[in-house]
Amino acid sequence: MAEKRKNIIVRRTAQVLKCFAQRPKGWGITELASHLGLAKSVVFEILSTLVDEGLVKKDEKKKLYLYGNELLILALKHFANIELIKISRPVLKKLSKELGETTMLTQIIGNKNIVIEKFNGASPIQFTLDLGTELPLYKGCSAKLYLAFLPDKEREKLINIHKIDFTKLREEIKTVREKGYSVSNEEVFTGVRGIGAPIFDNYSGIVAVISVGGPTFRYNKNLIPKILGAAKEISFQLGFLNWKW
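Residues numbered from 1 in each chain as written. Predicted model: local features only at pLDDT ≥ 70, side-chain atom pairs only at ≥ 80, totals over all residues. Heavy atoms only, no water.

Asker: What is the right way to read the packing of helix α2 (residues 29-36) against helix α3 (residues 40-52) from this model?
Answerer: The angle between the axes and the distance between the axes are what describe a pair of packed helices. Where α2 contacts α3, the two axes come as close as 9 Å, and the packing angle between them is 110°. When the axis of α2 is compared with that of α3, the two are roughly perpendicular. Between α2 and α3 lies a crossing of right-handed hand. On α3, the residues that touch I29, T30, L32 and A33 of α2 are K40, V43, F44 and L47. A breakdown of the residues in the contact of α2 with α3 according to their chemical character gives six nonpolar, one polar and one charged. (Axes fitted to C-alpha atoms, helices over the stretch in contact; angles between N-to-C directions. Helix = DSSP H or I, 4+ residues; strand = E, 2+ residues; numbered from the N terminus. Parallel < 35°, antiparallel > 145°, perpendicular 65-115°, else oblique. Left-handed = near helix turned anticlockwise from the far one by under 90°. Contact = heavy atoms within 4.5 Å. Nonpolar A, V, L, I, M, F, W, Y, C, P; charged D, E, K, R; others polar.)

What follows is the structure in structure tokens.
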């Protein structure tokens, strides 16, 4: 019974949020309750919680409820992610074709390092991962790039969540910042080496990592300039103009 009540509350909350797409200029509580066919007390309780969470805000003068900053941030991140993948896809595909290796795009989603796009290389022996694969944040080329370029507050948050021993990585992270790329020498997968480079957006923050992975016996450091070039191209298209590597 309690579970059923939880489901009803979640459904009603979702219905309330959807209403703000229909009327961005806001709703009065009586009008919204009537529109949804719910009691004012129920709608008031939902709105009060959403206000507390920043998903909805209240205009005290007009007595209206409007979508809040947190809801706007979620929407912007969604569209930014679509744009990121759209811009990155042809660059990843071209790089994979040139190098003959698997190229990947990873992003921090919900404090996890997730593969959001990839292209397999043409070589007979390949390293590959499925979309949605979670990679560690305490080792590997993408992890070291996030730890190097994320703002201090976000980095500390990840260190605490994943219990990362940052002291062991400190010197390597310093080198990654200076060179603009990172290398993984069989840190995550036995027999696989990877090279990664950061992607920045127009707010000068790291938004993703482009990486190339392949069998250790085929590792070639001469690939680094091409990987950096691909990261630079994507970053430029996202509005980041301060590339220095």
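Asker: Just checking my understanding: could you explain the packing of helix α5 (residues 141-149) against helix α7 (residues 166-179) for this structure?
Answerer: Contact geometry for α5 and α7: axes closest at 9 Å, N-to-C directions at 85°. In terms of axis orientation, α5 runs roughly perpendicular to α7. Touching K144, L145, L147, A148 and F149 of α5 are F166, L169, E172, I173, V176 and R177, all from α7. Along the lines of polarity and charge, the residues of the contact of α5 with α7 split into eight nonpolar, no polar and three charged.

Asker: What am I meant to see in the nonpolar core here?
Answerer: Taken as a class, soluble globular proteins show a tendency for nonpolar side chains to be buried jointly. In terms of nonpolar packing, the biggest core is built from 45 residues, with L84, I199, I206, I210, I227 and I234 touching the most fellow members. The set of elements that each furnish at least two residues to this core consists of α4 (69-99), β4 (112-119), α5, α6 (152-161), α7, β7 (192-200), β8 (206-215) and α8 (224-237). If you tally residues by element for this core, the top one is α4, at seven residues. Discounting residues that sit within four places of it in the chain, I227 has contacts with L95, L99, I195, G196, A197, I210 and V212. With 15 residues, the next largest nonpolar core counts V16, L32, I46 and L55 among its residues. (Core = buried A, V, L, I, M, F, W, Y, C linked by side-chain atoms within 4.5 Å. Buried < 20%, exposed > 50% of the residue type's maximum accessible area, 1.4 Å probe, protein only.)

Asker: Mind showing me how you'd approach the packing of aromatic side chains here?
Answerer: Here the distance between the centres and the angle between the planes together describe a pair of aromatic rings. In the structure shown here, the tally under the stated rule is seven aromatic pairs. Seen in terms of ring centroids, F200 and W243 are 6.3 Å apart; in terms of plane orientation they differ by 70°. Their pairing is edge-to-face. Here F200 is found in strand β7, whereas its partner W243 is found in the segment after α8, with 43 residues between them in sequence. An aromatic cluster is built from F149, F200, F240, W243 and W245, whose rings are joined through pairwise contacts. The ring of Y219 is capped by R193, whose NZ or CZ atom sits 3.8 Å from the centre of that ring. (Phe/Tyr/Trp six-rings, centres within 6.5 Å; stacked < 30°, edge-to-face > 60°. Lys NZ or Arg CZ within 6 Å of the ring centre and 35° of its normal.)

Asker: Explanation requested: unusual backbone geometry in the structure shown.
Answerer: Working note: non-glycine residues mostly have negative phi, and peptide bonds are mostly trans. Of note in this structure, K63 is not a glycine but carries a positive phi near 60°. Mapping K63 onto the fold places it in the loop between β1 (56-59) and β2 (64-67). Located in the positive-phi region is E186, a residue other than glycine, with phi close to 55°. Here E186 is to be found in the loop between β6 (182-185) and β7.

Asker: Just checking my understanding: could you explain the side chain of S211 for this structure?
Answerer: You can see S211 is positioned in strand β8. Among the residues examined, S211 registers a relative accessible area of 4% and is labelled buried.

Asker: Teacher, can you tell me more about the environment of D130 here?
Answerer: Looking at the element boundaries, D130 is found in the loop between β4 and β5 (134-135). With relative accessibility at 59%, the residue D130 sits in the exposed group. With 30 residues separating them in the primary sequence, D130 and G100 have C-alpha atoms 18 Å apart.

Asker: What exactly am I supposed to notice about the pattern of salt bridges here?
Answerer: As a working rule, side chains carrying opposite charge can pair if their charged atoms are close by. Counted under the stated rule, the structure contains seven salt bridges. The shortest N-O distance in the salt bridge between R89 and E117 comes to 2.7 Å. Residue R89 is located in helix α4, and its partner E117 is located in strand β4; the two are separated by 28 residues in the primary sequence. Its relative accessible area of 38% is what places R89 among the partly exposed residues. The class for E117 is buried, based on a relative accessible area of 8%. For the salt bridge of R155 with D152, the shortest nitrogen-to-oxygen distance reads 2.6 Å. Of the two residues, R155 and D152 are both situated in helix α6; the distance of three residues between them amounts to about one turn of the helix. Connected through salt bridges with shared partners, the residues K144, E172 and E187 form a single ionic network. (Salt bridge = Lys/Arg side-chain N within 4 Å of Asp/Glu carboxyl O.)

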